[in-house]
Amino acid sequence: MPTLEVNCATADMAEIAFAGQVSRARRVLLIIEGLVLIGALVLPVMLHDYLTVFATRVVILALFALSFDLVWGYAGIMSFGQALFFGSAGYGVALLARDLDITSILLVLPAGTLIGLVFALLLGGFLLLGRHPASMIFVSLGTLTGAYAADRLARGWYYLGGQNGIPSIPPMTLGSYELSEGSNFYYLALGLLVIVYVACRFLVRSQFGLALAGLRENEQRIAFFGYRTQHLKAIVFAIGGAIAGLSGSLYAFHEGFVWPNMIGVVVSTQVVLYVLFGGSGTLIGAVIGTAIVEGLSFWLSDNYRDIWPIILGVLLLLVILFRPLGLISLVLTERERVGSFAAKAQDKKRAQHHAAS
Amino acid sequence: MTSAFMAAFEILSFGAIIVLIVLGLGIIASMMGIFNFAQGEFVLLGAYITYLAYSHGLPVWLGMAAAPILVGLLGFVLEALIIRRFYAAPIVAMLGTYALGLIIRESVRGLIGGFYLTVPEPIGGSIDIATIHISAWRFTILVITALVMGGCFLLLSRTSFGLRVRATLENPALARASGVSTNFIYGTTFAFGAALAGLAGALIVPVFDLFADLGIRFLIQGFVAVMLGGVGSFMGPVAGAGIIGALSAALPWVIPPVLADVLVFLLAIVFIKCRPQGLIAQGGV
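Rules behind the numbers
- Residues numbered from 1 in each chain as written.
- Chains lettered and ligands numbered in written order.
- Predicted model: local features only at pLDDT ≥ 70, side-chain atom pairs only at ≥ 80, totals over all residues.
- Axes fitted to C-alpha atoms, helices over the stretch in contact; angles between N-to-C directions.
- Helix = DSSP H or I, 4+ residues; strand = E, 2+ residues; numbered from the N terminus.
- Parallel < 35°, antiparallel > 145°, perpendicular 65-115°, else oblique.
- Contact = placed C-beta atoms within 7 Å.
- Nonpolar A, V, L, I, M, F, W, Y, C, P; charged D, E, K, R; others polar.
- UniProt positions renumbered as here; feature names shortened; annotations may be inferred.
- Left-handed = near helix turned anticlockwise from the far one by under 90°.
- Buried ≥ 20, exposed ≤ 12 C-beta atoms within 10 Å, placed from the backbone.
- Arc of directions from axis to C-beta.

A. Fine view of the packing of helix α2 (residues 49-74) of chain A against helix α10 (residues 265-278) of chain A. All names here are of chain A. It is the contact of α2 with α10, at a shortest axis distance of 9 Å, that shows an interaxial angle of 75°. Judged by the angle between their axes, α2 and α10 are roughly perpendicular. Contact with α2, carried on its side by F64, A65, F68, D69, W72 and G73, involves V271, V272, Y274 and V275 of α10 and no other residues of that element. Class assignment of the residues belonging to the contact of α2 with α10 gives a composition of 8 nonpolar, 1 polar and 1 charged.

B. Quick peek at the interface of chain B and chain A. Each side of the interface is counted separately: chain B has 29 residues, and chain A has 34 residues. The set of elements that each furnish at least two residues to the side of chain B that touches chain A consists of α4 (90-112), α9 (214-229) and α11 (257-274) of chain B. Here the side of chain B that touches chain A gets 14 residues from one element, more than from any other, and that element is α4(B).

C. Inspection of the UniProt feature "transmembrane region" (unreviewed entry) in chain A at higher detail. Annotation from UniProt places "transmembrane region" (unreviewed entry) at residues 28-47, 80-97, 104-129, 185-204, 234-253, 259-276, 283-301 and 307-332 of chain A. Taken as a whole, residues 185-204 of chain A contains 100% helix and 0% strand, while its terminal C-alpha atoms sit 28 Å from one another.

D. Region of the structure containing the packing of α2(A) against helix α11 (residues 283-303) of chain A. Residues and elements named next belong to chain A. At their nearest, the axes of α2 and α11 sit 8 Å apart, and the two run at 140° to each other. Here α2 is positioned oblique relative to α11, judged by the angle of their axes. Helix-helix and strand crossings are classified by hand; for α2 and α11 the assignment is right-handed. Where α2 approaches α11, its residues F54, V58, L61, A62, A65, L66 and D69 are matched on the opposing element by L283, A286, V287, G289, T290, A291, E294 and F298. Looking at the contact of α2 with α11 residue by residue, the classes come out as 11 nonpolar, 2 polar and 2 charged.

E. Fine view of helix α7 (residues 207-217) of chain A. Turning to α7(A), its buried residues are L212(A), G214(A) and L215(A). Angularly, the buried residues of α7(A) cover 160° about the axis, an arc narrow enough to put them on a single face.

Encoded structure:
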């Protein structure tokens, strides 16, 4: 049957072309990731001390952006209240340091992560699970409302310091060593960022990550395949909350104070900006977006403090209209967001094919 | 007795303000499926236009009359240029309108600085009934809200324009096939919603003063009210707004204000979770 053979051949060719495309995209991604990492490693050597402090803040915020990217970019849950987990962890560790004198790094960072995880489990469980599957609009407005309510509560509650928040948090300690801001703190934050990044990368490349990408693209179809979509969403929401909690606790100790904006709508929308700018659905996009937005804002706010937010709004609008996948889509194709089944197996097949011919 | 009456008036008039603000938000959300994050900034613009008229020596009521017209025009232009691209994707629409709102809010902040600017009430003084004094302006807001609400209801339920709007909401493809210009309907609906927000801003500025975050203050309350009432009808958001407004004004009389705020949101979200279609399920006007 010649026609069938021809069909097989073209299908094979298409598969090979596809696999080639994937591995090329993978290479581009690896190169970008490597460049970012090398840049981040040598940065403190070249910068003044006060700029290292700024760079540390960017790294911590990039960790936070990663948590939002996981939730929105991969699972398609629009969390307008990601700061709720960031801020509650910040407040939590600030209270630990203020009232219980606990500043050991081995205790406060896990505590912050746990706080983020628990809050995310509670809110995510309530919003996402249940008899009626929750609509996207409901979840996004629900998270927004949650963050707004937390902001109001933090502002009005005397125990949490009201409008002023909790000032002068003591530095983190490791044994008797006090970790204050500077290049050591920078490398700590960067190390945590790399660990979390690699873990997230592993997660999104796994079967679970593929199911998430499917969920984002077409939830109903994934549900028909037999996945419990609401559970998948709740799980990734909780993981995102834990990462946000980790970055929130780092942020609190780095800045030395926490204040109500950190838990409310302001920071929640800020992280949305980072990820949209960089490109949602690619982990490196979130990191790059954070660096670009924070860097621009640092550079411009000296001279153009008043018009910077306007410029930010215009840029955001342009990105949404013309580059919905963010700046990273200039170099990476849409394929990267979707993921693929066992690229390695396909590579092997291609090698066999080459050997045969 | 007197204080009970005062409390009732306070609750009613705050409820009316929330209804006025939510009306435009609800119309846009119901008719177009877009949760407009820039709605708070339309309110802010309405207030700002009123302040501009006042600071240039014009009568305040003139500014109040101009505000809805100007904001409505702006809404029409924005719909044609930007919002139109977002209809297919509600989440992207949220982000896009958020960016628009950011631009408007920060521009106004740049223009007025970080100040609280006051605008006098066009109708000052108070209405006295026996021993009870109620603010004449807040009473006027109450009356105007009732008139606007009635007008919107009649427009949507009795006129041929309203029929076309509802047809577009119900089934856009069929409406287009029947010769309704859905693009024009969407444009006008958005402009109308924006104009209502402008009117709301103009009317409330003597009560709340003008500051850059005026719109944000009401935006989340507005969203919760629309969800509570139910998207897809005219009466739903109005009912939701009435409840949210009344609760927000009434609860601080019984429990600490901070808790009251949070409790209102909590109750509303739990209610919506249990009844996603809202108070008034789809159907009717």
